[in-house]
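# Structural overview
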Amino acid sequence: MVLKLKNLTKIYKNKGFIITALNDFTYEFKSGKVYGIVGLNGAGKTTLIKSICGLLIPDRGNVFFDNNPLYPNGMYNLKKIGAILEGSRNIFWNFTPIQNAKYFAYLRGLPLKETLNKAIRLFEEFGLSEKLNTPVRNLSQGMKQKIAITISILHNPQILLLDEPTLGLDPIAGNKMQEYILNFARDSDRLVIVTSHQLSILENICDKIIFLKKGCFVSSYDIEEIKMNSKKIKYIIKVEKGNTNNTSLLTSMFGKIVNSDNMLVLEFLPKEFELNSCIEFLIKKGFIIKDIEKIAPSLEDLFMEEFA
């Protein structure tokens, strides 16, 4: 499955104000991968998700499922999609988890017994066995999220859209959700698109990260590309203070020097000098190296660089 967004534009008009939530957004997503959409509040992330799943009709552009356009007459493509919307609004809060599963099984024409068995199995995996007959409105936000993701995948969608899927989840449930998303994408060769402000989670589960700013595509990166970007790698080198008169010699090579007990903690950015040259320099000047730690850049570092 290839999902293409071509020149997607959505404009909101309210009391004389015009807000361009999406501005000529173009991108191609491929199955078997997890994509993260990142941006500040108001960047257009939720508008993008809703445009893909037919809840918002774009003013310009289109969404293509293997070259089949969604608008104006391709709504049959939506059966290929499962979605969690921000705040778990893809489920009925007056229904119990079981009633939600029954409703969506009927709605999608799924075999009831088989679908309910699958739903119950997933509810059990998410620790909801004792809540199957409790109205959703009486459950915690984290439980609502677990029910929402269960309902979103009952029909084995080829594309899964997740808008803040770990919202309200405790760390254990959040980790389990991450694991499930990864398995869903890898084992079934499905396409998953995730929006989240929790950058560490996106770093854990995504293959590619897309930066969105004021409705515009800014850039995209492979996660491994971010981690292996030698220009952003830094080293923390701890040395014995030794002859403190030599510390003035370090300022030209190290970006940051911190006094810590009997140690000097040096931050080395390999831009002008190689690490080996740095080590040779320290030894030559009489410093005893006690530890070297390599720190790869994080998604948060890149986010701050893009949006700070």
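Figured I'd write up the structure that's included with this text. Note that this is a predicted model, so its numbers are computed, not measured. (Residues numbered from 1 in each chain as written. Predicted model: local features only at pLDDT ≥ 70, side-chain atom pairs only at ≥ 80, totals over all residues. Heavy atoms only, no water.)

With that settled, the discussion passes to the overall build of the protein chain. Looking only at helices and strands, one finds nine helices and 14 strands in the protein chain. For 308 residues, the compact-globule estimate of 2.2 N^0.38 gives 19 Å, and the protein chain exceeds it by more than 25% at 25 Å. In the protein chain, buried positions account for 46% of the 308 residues. Of all intrachain contacts in the protein chain linking residues separated by at least 6 positions in sequence, the fraction that spans at least 24 positions is 68%. If you sum the accessible surface of the protein chain, you get close to 16,000 Å²; carbon and sulfur atoms cover 49% of it. (Helix = DSSP H or I, 4+ residues; strand = E, 2+ residues; numbered from the N terminus. Rg over C-alpha atoms; globule rule 2.2 N^0.38 Å. Buried < 20%, exposed > 50% of the residue type's maximum accessible area, 1.4 Å probe, protein only. Contact = heavy atoms within 4.5 Å. Areas by Shrake-Rupley, 256 points an atom, 1.4 Å probe, with all protein chains shown as cover.)

This next bit is on the sheet that holds strand E11 (residues 234-240). Taken in spatial order, the four strands line up as E12-E13-E11-E14 in an open sheet, and their pairing is antiparallel. In this open sheet, the two strands that pair with only one neighbour each are strand E12 (256-260) and strand E14 (289-295). On average, each strand axis in the sheet is tilted by 15° relative to the strand beside it, whichever way the strands run. Of the strand pairs in this sheet, E11 and strand E13 (residues 263-268) are connected by six bridges, and their pairing is antiparallel. When the bridges of E13 are listed, glutamate 240 appears paired with methionine 263. (Pairing = 2+ DSSP bridges. Axes fitted to C-alpha atoms, helices over the stretch in contact; angles between N-to-C directions.)

Pairing in this open sheet of four strands is antiparallel, and the strands run E2-E1-E4-E5 from one edge to the other. For this open sheet the edge positions go to strand E2 (17-30) and strand E5 (68-69), each flanked by a neighbour on one side alone. Sheet analysis places strand E1 (residues 2-14) next to E2, joined by 10 bridges and oriented antiparallel. Paired with lysine 10 across the strands is leucine 22, a residue of E2. This element, helix H1 (residues 45-52), spans E1, E2 and strand E4 (60-65) of the sheet and lies at about 120° to E1.

If you look at the biggest cluster of nonpolar residues, it comprises 46 residues, and the most contacted ones within it are Ile147, Val192, Leu202, Ile209 and Phe211. Apart from residues no more than four positions distant in its own chain, isoleucine 147 is found in contact with Ile91, Pro97, Phe123, Leu128, Val136 and Leu139. The next biggest cluster of nonpolar side chains, apart from the first, holds 28 residues, and it includes Ala43, Ile49, Ala83 and Leu212. (Core = buried A, V, L, I, M, F, W, Y, C linked by side-chain atoms within 4.5 Å.)

Between its first and last C-alpha atoms helix H4 (residues 141-152) spans 16 Å; for 12 residues at 1.5 Å apiece the expected length is 16 Å, and the two agree. Within H4, 10 of the 12 residues are buried, which leaves the element mostly enclosed by the surrounding structure. Along H4, the positions that sit buried rather than exposed are Gly142, Lys144, Gln145, Lys146, Ile147, Ala148, Ile149, Thr150, Ile151 and Ser152. Where the residues of H4 are buried, they touch strand E6 (81-84), helix H2 (97-107), helix H3 (112-125), strand E7 (159-163) and helix H5 (171-188). (Expected span 1.5 Å × (residues − 1).)

With respect to the helices, strands and loops of the structure, isoleucine 147 is situated in helix H4. Through-space distance from the C-alpha of isoleucine 147 to that of alanine 119 is 9.0 Å; in sequence the pair is 28 residues apart.

What follows deals with a nonpolar patch on the surface. The grouping of Phe92, Tyr103 and Leu107 at the surface amounts to a nonpolar patch, some 290 Å² of accessible area in total. Structurally, the position occupied by leucine 107 is in helix H2. A residue is classified by how much of its surface remains accessible, and leucine 107, at 56% relative accessible area, is exposed. (Patch = residues over 30% accessible without salt bridge, like charges linked within 9 Å, V, L, I, M, F, W, Y side chains within 5 Å. Salt bridge = Lys/Arg side-chain N within 4 Å of Asp/Glu carboxyl O.)

Another point: the side chain of serine 51. Inspection of the secondary structure puts serine 51 in helix H1. Each residue touching serine 51, except ones within four places of it in the same chain, is listed here: Leu8, Leu22, Leu56, Val63, Leu70 and Tyr71.

This paragraph deals with unusual backbone geometry. A cis amide bond links tyrosine 71 with the next residue in sequence, proline 72, at an omega value of 5°. Examined against the element boundaries, proline 72 turns out to sit in the loop between E5 and E6. The phi angle at aspartate 24 is positive, at roughly 60°, despite the residue not being glycine. Despite not being glycine, glutamate 164 shows a phi value in the positive range, around 55°. Position of glutamate 164 among the secondary structure elements: in the loop between E7 and H5. Residue glutamate 164 is classed as buried on the basis of its relative accessible area of 7%.

Turning next to the pattern of salt bridges. Per the stated rule, a full pass over the model turns up five salt bridges. For arginine 186, the salt bridge identified is with aspartate 207, shortest N-O distance 3.0 Å. Taken as a pair, arginine 186 in helix H5 and aspartate 207 in the loop between helix H6 (199-205) and strand E9 (208-213) lie far apart in primary sequence, 21 residues in all. What makes arginine 186 partly exposed here is its relative accessible area of 39%. Classification of aspartate 207 by relative accessible area gives partly exposed; the value is 22%. Of the charged contacts in the structure, one is a salt bridge between aspartate 222 and lysine 208, with a shortest N-O distance of 2.7 Å. Of this pair, aspartate 222 sits in strand E10 (residues 216-222) while lysine 208 sits in strand E9, and the two are 14 residues apart along the sequence. Note on lysine 208: relative accessible area 19%, which makes it buried.

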